Structures are given as C-alpha cells and as structure tokens.
Amino acid sequence: MAPADTAKKLQQVGKPIWWWTLHQLANTLMLVAVTLAVVSGKLQNEHWLPKGELNHPAYFAHLLAWLILALALGLHLLMSAKAGGLALWQSMVNVNYRAEEDPRQWPAKVRDWLRHPHW
C-alpha cells in the first residue's frame, strides 16, 4: 500500500475502507514494534536491571517498543471486532476439528489455488 493511497483511504472516515486501513496500520505498527523490541533487547546489558541502571537509551527503547506493541495489539483486536464481530473472535478460539482444514490437504489446495488464482 502506497503512503499516498493510505492517506486517501484514511480521509474516508467511517467507511469500511477506513476501518480496513486502520487495521492494516495496527498490524504494521505491531511488526515495527516487535522489531524494535528485539533490536533494543539485543542492545541491552544483562547487568543493567539488577544494578538498577534503568537510564540507558536501549532500555527505554525496549520499554517503549513493548508499550507500542501492547497498544497496537489492542487496536488490532478492536479492529478485528469491528470487522468480524463476535463471530470472528469465536472462530479464532474454536478448537473443533474440521476435516476440510486438515494440513494434509494443504498442498492440493495450494495447487488448486495456483491454477485458479483469486487475485
């Protein structure tokens, strides 16, 4: 999605494309935040926390990344609720086995999808 395209979609407040774009932005923000959390976590020294040295930039970046990740996850869940409602959330936690979703059938389904693309 191009930035100009995103800006146009975000101007359509309240329309389905606006909600969808917000959902995509929340997902992107989560990916950026988790990347920042991993990178800033690698930059930290394991002795900082036991010594109470909480004033290092890498430590602040790590905490900020986790805060952004939590907020983006909340936004993602809200956007999911808006898009699919309670039925979508229930389908995500449904653990019932359905034969048509058996992983052994995935290669055939991928081949069929490649033969008859839906894009």
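Residues numbered from 1 in each chain as written. Predicted model: local features only at pLDDT ≥ 70, side-chain atom pairs only at ≥ 80, totals over all residues. Heavy atoms only, no water.

1. Remarks on the overall build of the protein
Right, so step 1: Within the protein one finds 5 helices and 0 strands.
Right, so step 2: Going from the N terminus to the C terminus, the protein shows its helices and strands as α-α-α-α-α.
Right, so step 3: Here the C-alpha radius of gyration of the protein, 20 Å, is well above what a compact globule of 119 residues would show, namely 14 Å.
Right, so step 4: Across the 119 residues in the protein, those meeting the buried criterion constitute 17%.
Right, so step 5: Taking the intrachain contacts of the protein between residues at least 6 apart in sequence as the baseline, contacts between residues at least 24 apart amount to 42%.
Right, so step 6: When the 11 basic and 7 acidic side-chain charges of the protein are each reduced to a single mean position, those positions are 7 Å apart. (Helix = DSSP H or I, 4+ residues; strand = E, 2+ residues; numbered from the N terminus. Rg over C-alpha atoms; globule rule 2.2 N^0.38 Å. Buried < 20%, exposed > 50% of the residue type's maximum accessible area, 1.4 Å probe, protein only. Contact = heavy atoms within 4.5 Å. Lys, Arg positive; Asp, Glu negative; His and termini not counted. Charge placed at Lys NZ, Arg CZ, Asp CG, Glu CD.)

2. Remarks on a nonpolar patch on the surface
Right, so step 1: Taken together, the side chains of Leu73, Leu77, Leu86, Trp89, Met92 and Val93 make up a nonpolar region of the molecular surface, amounting to roughly 600 Å² of accessible area.
Right, so step 2: Note on placement: methionine 92 falls in helix α4 (residues 57-93). (Patch = residues over 30% accessible without salt bridge, like charges linked within 9 Å, V, L, I, M, F, W, Y side chains within 5 Å. Areas by Shrake-Rupley, 256 points an atom, 1.4 Å probe, with all protein chains shown as cover. Salt bridge = Lys/Arg side-chain N within 4 Å of Asp/Glu carboxyl O.)

3. Brief notes about the packing of helix α2 (residues 16-43) against α4
Right, so step 1: Where α2 contacts α4, the two axes come as close as 8 Å, and the packing angle between them is 155°. If you check the angle between α2 and α4, you find them roughly antiparallel. The chirality of how α2 crosses α4 is left-handed.
Right, so step 2: Within the contact of α2 with α4, the residues separate by chemical class into 20 nonpolar, 7 polar and 1 charged. (Axes fitted to C-alpha atoms, helices over the stretch in contact; angles between N-to-C directions. Parallel < 35°, antiparallel > 145°, perpendicular 65-115°, else oblique. Left-handed = near helix turned anticlockwise from the far one by under 90°. Nonpolar A, V, L, I, M, F, W, Y, C, P; charged D, E, K, R; others polar.)

None of this, on its own, says anything about what the molecule does.
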